[in-house]
Amino acid sequence: ELHLTRQHEKAYAPFAKQHPQLKIKVVDRHALDGRAPKDQPHQGVALLASPLPQPTLAEVLHRARFVLLLDQVTDPRNVGACLRSAAAFAVAAVLVPSRHSGHDSAVMAKAAAGALEQVPLVEVGNLNQAISKLKEHEFWLVGLAGDSRQQLAELDLKGKLAVVMGSEGAGLREQVSENCDFLARIPM
């Protein structure tokens with residue numbers, strides 16, 4: 001359902017014609033003000049849609065060959081940026097812990113610039129348990145650590161791959177780091 005103000009009605013008429021299944025509802029600006037997040041202006045148009053389908057960890061394990069794990073990355077803009085990079089590198093899914101991470105939000109979606117629709121964001125209860133499951137399904141786990149002596153490009157990795165990135169300040173947590181098969185850095 002597309003909600004828009006009267007001043008946008010003509011501009012969206014061609015779009016509405018192309019999508020006859022879409023219900024168009026003309027509303028006043030204040031109705032949209034109540035629906036939009038305070039930090040994300042609606043600009044007179046809002047689309048009400050059902051959530052994107054999100055695979056479970058089990059589904060990811062059976063079909064993916066390349067995944068990204070974010071260890072307590074809390075800024076939704078950074079999660080969005082990681083989603084953009086994940087889309088560019090054909091990552092099948094981005095796994096985040098259900099607590100202490102930036103979650104699906106308007107801010108993250110804006111930062112992801114469309115990548116949220118391409119790369120599923122999968123919440124897991126415990127990142128270390130997810131790592132164990134990945135290993136059971138023959139994934140190699142590579143933790144990115146700036147202080148590692150080995151560079152990412154030096155690794156000879158074949159098969160299924162899971163890259164683990166740490167939080168904005170502290171990096172990888174100790175147990176997550178210990179559960180990785182390799183630690184590597186990206187030279188900057």
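Just so we're clear, the structure is a prediction, and the values are computed from it rather than from any experiment.

With 95% of its residues at a pLDDT of at least 70, the protein reaches an overall mean of 88. When pLDDT is averaged over each helix and strand of the protein, the minimum, 79, is found for helix α2 (residues 29-35) and the maximum, 96, for strand β4 (residues 66-70).

A separate point is the sheet that holds strand β6 (residues 121-124). Strand order in this open sheet of six strands is β6-β5-β4-β8-β7-β9, and the pairing throughout is parallel. Both outer strands of the open sheet, β6 and β9 (182-184), are each paired with one neighbouring strand and no more. The mean inter-strand angle of the sheet, taken between neighbouring strand axes irrespective of direction, is 25 degrees. Inspection of the sheet shows β4 paired to strand β8 (residues 160-165) by five bridges, in the parallel sense. Within β8, the residue paired with Val67 across the bridge is Ala162. Against the sheet, helix α4 (residues 76-88) contacts β4, β5 (93-97), β6 and β8, and its axis sits at roughly 170 degrees relative to β4.

Here we come to the environment of Leu95. Take Leu95: it is sitting in strand β5. By relative accessible area, Leu95 is classed as buried at 0%. As for Leu95 and Asn78, which are separated by 17 residues in sequence, their C-alpha atoms are 14 Å apart. Ignoring any residue separated from it by four or fewer positions in sequence, one finds Leu95 in contact with Leu57, Val60, Val67, Leu68, Leu69, Leu70, Val122, Val124, Ala130 and Leu134.

Our next topic: the sheet that holds strand β3 (residues 45-47). The three strands are arranged β2-β1-β3 in an open sheet whose pairing can be described as mixed. Of all the strands in the sheet, the pair left with one neighbour each is β2 (24-26) and β3. With direction set aside, neighbouring strand axes in the sheet form an average angle of 20 degrees. One ladder, built from three bridges, connects strand β1 (residues 2-4) with β3; its direction is antiparallel. Each residue of the ladder has a partner; that of Leu2, found in β3, is Leu47.

Under the criterion given, the structure shown has six salt bridges. With a shortest N-O distance of 2.7 Å, Asp71 and Arg173 are connected by a salt bridge. Taken together, the residues span a long stretch of sequence, with Asp71 in the loop between β4 and α4 and Arg173 in the loop between β8 and α7 (174-179) at a distance of 102 residues.

The rules we used
- Residues numbered from 1 in each chain as written.
- Predicted model: local features only at pLDDT ≥ 70, side-chain atom pairs only at ≥ 80, totals over all residues.
- Heavy atoms only, no water.
- pLDDT = per-residue confidence, 0-100.
- Helix = DSSP H or I, 4+ residues; strand = E, 2+ residues; numbered from the N terminus.
- Pairing = 2+ DSSP bridges.
- Axes fitted to C-alpha atoms, helices over the stretch in contact; angles between N-to-C directions.
- Contact = heavy atoms within 4.5 Å.
- Buried < 20%, exposed > 50% of the residue type's maximum accessible area, 1.4 Å probe, protein only.
- Salt bridge = Lys/Arg side-chain N within 4 Å of Asp/Glu carboxyl O.

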